[in-house]
Amino acid sequence: MTAGDDERRVQEAVRRHARTSTFAEAEQAISLVLSDPGVQEARARVEASERSSA
């Protein structure tokens, strides 16, 4: 392997790690928002409204 190959491998590994970390952080943020009682209440109201209008 050449130094260029090593550099490319490292860059790809860093990109994969960054992408994985970003997705994990996004999933955690979404979970926190969806677990909020106010969000759950709003969702329940929307679902009830959808059922009553169907």
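That block above? That's the structure.
Predicted model only: the values in this text are computed from it and were never measured. (Residues numbered from 1 in each chain as written. Predicted model: local features only at pLDDT ≥ 70, side-chain atom pairs only at ≥ 80, totals over all residues. Heavy atoms only, no water.)

(A) Geometry of the overall build of the protein chain. Of the regular secondary structure elements, the protein chain holds 2 helices and 0 strands. A total of 54 residues make up the protein chain; the buried ones form 0% of that total. Once the 8 positive and 10 negative side-chain charges of the protein chain are each reduced to a mean point, those two points are 3 Å apart. (Helix = DSSP H or I, 4+ residues; strand = E, 2+ residues; numbered from the N terminus. Buried < 20%, exposed > 50% of the residue type's maximum accessible area, 1.4 Å probe, protein only. Lys, Arg positive; Asp, Glu negative; His and termini not counted. Charge placed at Lys NZ, Arg CZ, Asp CG, Glu CD.)

(B) Spotlight on helix α2 (residues 37-53). Under the 1.5 Å per step criterion, the end-to-end length of α2 is 24 Å for 17 residues, consistent within 8% with the ideal 24 Å. If you check the start of α2, you find a side-chain oxygen 2.9 Å away from the backbone N of Gly-38, and it comes from Asp-36. (Expected span 1.5 Å × (residues − 1). Polar contact = N/O pair within 3.5 Å; in protein donor to acceptor, adjacent residues only side chain to side chain.)

(C) Region of interest: the pattern of salt bridges. All told, the structure shown has 4 salt bridges when counted by the stated rule. Between Arg-8 and Asp-5 there is a salt bridge whose closest N-O contact spans 3.1 Å. Of this pair, Arg-8 and Asp-5 are both found in helix α1 (residues 3-35), 3 residues apart, which corresponds to roughly one turn of the helix. For Asp-5, a relative accessible area of 27% translates into the label partly exposed. (Salt bridge = Lys/Arg side-chain N within 4 Å of Asp/Glu carboxyl O.)

(D) Just the environment of Val-10, in detail. Within the secondary structure, Val-10 is located in helix α1. Separated by 42 residues in sequence, Val-10 and Ser-52 have C-alpha atoms that sit 56 Å apart.

(E) Representation of the packing of α1 against α2 within the structure. It is at 5 Å that the axes of α1 and α2 come closest, and there the two elements cross at 70°. One way to sum up the angle between α1 and α2 is to call them roughly perpendicular. In this structure, α1 uses Val-33, Leu-34 and Ser-35 to contact α2, whose residues at the interface are Pro-37, Val-39 and Gln-40. (Axes fitted to C-alpha atoms, helices over the stretch in contact; angles between N-to-C directions. Parallel < 35°, antiparallel > 145°, perpendicular 65-115°, else oblique. Contact = heavy atoms within 4.5 Å.)

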